[in-house]
Amino acid sequence: DADYSVSPEWNIVAEAAGSKTDVDEENGMETSYDGVAYSVGIKSEAYKTALTANYIAQDFYPGLSNYRYTRKDQFYSNHIRFSKLPDGDEAISVGDGIDRGRIAVNFKTEADFFDDNLNAKLNFRDVHKDNGKNVETVARLESTLKATPQVTLKALGSYQKLPKTIAGLDPLYYTKNSY
């Protein structure tokens, strides 16, 4: 992992990992996984903004990790909510598209306006297979307006381009790579 401060507000961040896993099964079958994973981006805690590019090779075998909860939108991302989510759910509520055999570009930002009475959160991701085929493009804008101390208004805008889905079947249930 690397973190370089470009300015007091902005950091360049990078992560790299490699894995080599050999699996010997009782029936004499042997499988070997040898892969890499990279992430590079720029982040600002002060501006609540991050832009990252991520890649995980198909043969990267995360023996102690699983990306099935972060690669897709969870229930929370499709609904407006008025209460704060627990921290564990907040981190995975929107998803990031990162998984083996994928290249994912993620952008997220959050801003407060009008003396913190208006909050806007924007999440965008573009995900491709490592061969270049588009997996999904997702944009999500959520805003909260505190009109009065008793009235809170919320709005949610969402766009999803899921080219490899089957009509009438929820794409969350149609997955070949649940490992």
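Treat the numbers as computed from the prediction; the structure is a model and nothing was measured. (Residues numbered from 1 in each chain as written. Predicted model: local features only at pLDDT ≥ 70, side-chain atom pairs only at ≥ 80, totals over all residues. Heavy atoms only, no water.)

## A few points about the pattern of salt bridges
Turning to step 1, where the next piece is worked out: Within the structure shown, the criterion is met by five salt bridges.
Turning to step 2, where the next piece is worked out: Among the ionic pairs, Lys-154 bridges to Glu-142, the shortest N-O distance being 3.6 Å. Of the two residues, Lys-154 is situated in strand S8 (residues 151-161) and Glu-142 in strand S7 (residues 134-148); the sequence distance between them amounts to twelve residues.
Turning to step 3, where the next piece is worked out: For Lys-154, a relative accessible area of 23% corresponds to the partly exposed category.
Turning to step 4, where the next piece is worked out: We classify Glu-142 as buried; its relative accessible area is 6%.
Turning to step 5, where the next piece is worked out: Counted as one network, the salt bridges with shared partners bring together Arg-140, Glu-142 and Lys-154. (Salt bridge = Lys/Arg side-chain N within 4 Å of Asp/Glu carboxyl O. Helix = DSSP H or I, 4+ residues; strand = E, 2+ residues; numbered from the N terminus. Buried < 20%, exposed > 50% of the residue type's maximum accessible area, 1.4 Å probe, protein only.)

## So, the nonpolar core
Turning to step 1, where the next piece is worked out: Counting residues in hydrophobic clusters, the biggest one holds seven residues: Ala-37, Ile-56, Phe-60, Ile-98, Ala-104, Val-127 and Val-135.
Turning to step 2, where the next piece is worked out: The residues contacting Ala-37, other than those within four sequence positions of it, are Glu-15, Ala-16, Ala-17, Tyr-55, Ile-56 and Phe-60. (Core = buried A, V, L, I, M, F, W, Y, C linked by side-chain atoms within 4.5 Å. Contact = heavy atoms within 4.5 Å.)

## Thoughts on the pairing of S8
Turning to step 1, where the next piece is worked out: The pairing of S7 with S8 spans eleven bridges and is antiparallel. Looking at the pairing, Leu-145 lines up with Leu-153 of S8. (Pairing = 2+ DSSP bridges.)

## Looking at unusual backbone geometry
Turning to step 1, where the next piece is worked out: You will see that Phe-114, though not glycine, has its phi angle at about 50°, which is positive.
Turning to step 2, where the next piece is worked out: Relative to the elements of secondary structure, Phe-114 occurs in the loop between strand S5 (102-113) and strand S6 (118-129).
Turning to step 3, where the next piece is worked out: A relative accessible area of 63% places Phe-114 in the exposed class.
Turning to step 4, where the next piece is worked out: In this structure, Asp-115 is a non-glycine residue whose phi angle is positive, near 55°.

Such coordinate-based values are descriptive only and should not be taken to indicate function.
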